Amino acid sequence: MNTYKFARTFRGFKPSSVIEYLNNLEMTYEKEIKEKQEKIEELKKENEELKNTLKKLEEELSKLNEQKIKIAELLIIAQEKAESIVSKAIEEGENKKRALLAEIEEHEKLLQNLKDEIKRIKGELQSFISKFDEKTVRDSQSELQEESSIM
């Protein structure tokens, strides 16, 4: 506050000076009060807007958290299904592998049996050819002997 000098009269301060000062003081305070009230109203509005914004953001955060939880649950389900699919595929692969190995083993046994049969037939054929050759040689010798005796 500014220092104010009141005019003096016989018994103290001049009443009109004091009244003028009080009126000026009242107008100054009323103006300041009005400005402060306007500022308070402005801040109340801003505070209300911020509360609304905060409420909306909290709702969005809540929704995002719910979505995050749902996504996490879906990822867990997807991972479990993927693991199940991989496990089944591995099991099916192992079963097919065992079946193929058993089939290969059967074919190898069959092939070995066929080879053995071929060896046996080959042996019989060689034996038959040897006997045939011996008979042919004997028959030839007999014919030669007959021809030589005829001659």
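Calculation criteria
- Residue numbers here run from 1 along each chain, matching the order of that chain's written sequence.
- Two thresholds apply to this predicted model, a pLDDT of at least 70 for residue-level local features and 80 or more for giving and counting side-chain atom pairs, whereas whole-chain, interface and lining totals are computed over all residues.
- To get the side-chain values, all heavy atoms of the structure are used, and hydrogens and water are removed first.
- UniProt positions are given in the numbering used here, feature names are shortened, and annotations may be inferred rather than shown by experiment.
- Starting at the N terminus, helices and strands are each numbered in turn, a helix being any DSSP run of H or I of at least four residues and a strand any DSSP run of E of at least two.
- For salt bridges, the criterion is a side-chain nitrogen of Lys or Arg within 4 Å of an Asp or Glu carboxyl oxygen.
- Exposed residues in this analysis have more than 50% of their type's maximum accessible area, buried residues have under 20%, and partly exposed residues fall in between, with area computed by a 1.4 Å probe over protein chains only.
- One number per residue, pLDDT, summarises how confident the predictor is, and it ranges from 0 to 100.
- By definition, no residue in a patch forms a salt bridge, and every one has over 30% relative accessible area; like charges are joined within 9 Å, nonpolar side chains (Val, Leu, Ile, Met, Phe, Trp, Tyr) within 5 Å.
- All accessible-area figures derive from a Shrake-Rupley calculation using a 1.4 Å probe, and residue coverage is judged against the displayed protein chains alone.
- As used throughout, the charge tally considers Lys and Arg to be positive and Asp and Glu to be negative, leaving His and the chain termini uncounted.
- By convention, charge coordinates are those of NZ in Lys, CZ in Arg, CG in Asp, or CD in Glu.

Q: Let's hear about the UniProt feature "coiled-coil region" (unreviewed entry) in the protein chain: which residues, and what values?
A: On the UniProt side, "coiled-coil region" (unreviewed entry) is annotated at positions that read residues 19–131 here. Each end of residues 19–131 is marked by a C-alpha atom, and these two atoms are 162 Å apart; helix forms 100% of the span and strand 0%.

Q: Please give an account of the pattern of salt bridges that cites residues and values.
A: The full count for this structure, using the stated rule, is four salt bridges. Residue Lys44 is joined to Glu41 by a salt bridge in which the shortest nitrogen-to-oxygen separation is 3.9 Å. With a gap of three residues between them, Lys44 and Glu41 both fall in helix α1 (residues 15–150), about one helical turn apart. Across the pair Glu105 and Lys109 runs a salt bridge whose closest N-O atoms are separated by 3.8 Å. Taken together, the positions of Glu105 and Lys109, both in helix α1 and four residues apart, correspond to about one turn of that helix. Residue classification places Glu105 among the partly exposed residues on the basis of a relative accessible area of 45%. Assessed through its relative accessible area of 52%, Lys109 is described here as exposed.

Q: Help me get a handle on the confidence of the model for the protein chain, residues and values and all.
A: Taken as a whole, the protein chain shows an average pLDDT of 90; of its residues, 93% reach a score of 70 or greater. Put simply, strand β1 (residues 8–9) is where the protein chain has its lowest mean pLDDT, 68, and α1 is where it has its highest, 93.

Q: Describe a nonpolar patch on the surface, listing the residues and the values that go with them.
A: A cluster of nonpolar side chains, namely Leu125, Phe128, Ile129 and Phe132, defines an oily patch on the protein surface of about 430 Å² accessible area. Take Phe132: it is sitting in helix α1.

Q: Quick one: what's the story with the environment of Glu92, residue by residue and with numbers?
A: Along the chain, the position of Glu92 falls in helix α1. Considering only alpha carbons, one finds Glu92 and Gln145, 53 residues apart in sequence, at a separation of 77 Å.

Q: Give me the lowdown on a negative patch on the surface, citing residues and values where you can.
A: The grouping of Glu32, Glu35, Glu38, Glu42, Glu46, Glu48 and Glu49 at the surface amounts to a negative patch. With respect to the element layout, Glu46 can be found in helix α1. Accessibility expressed as a relative area gives 42% for Glu46, which makes it partly exposed.

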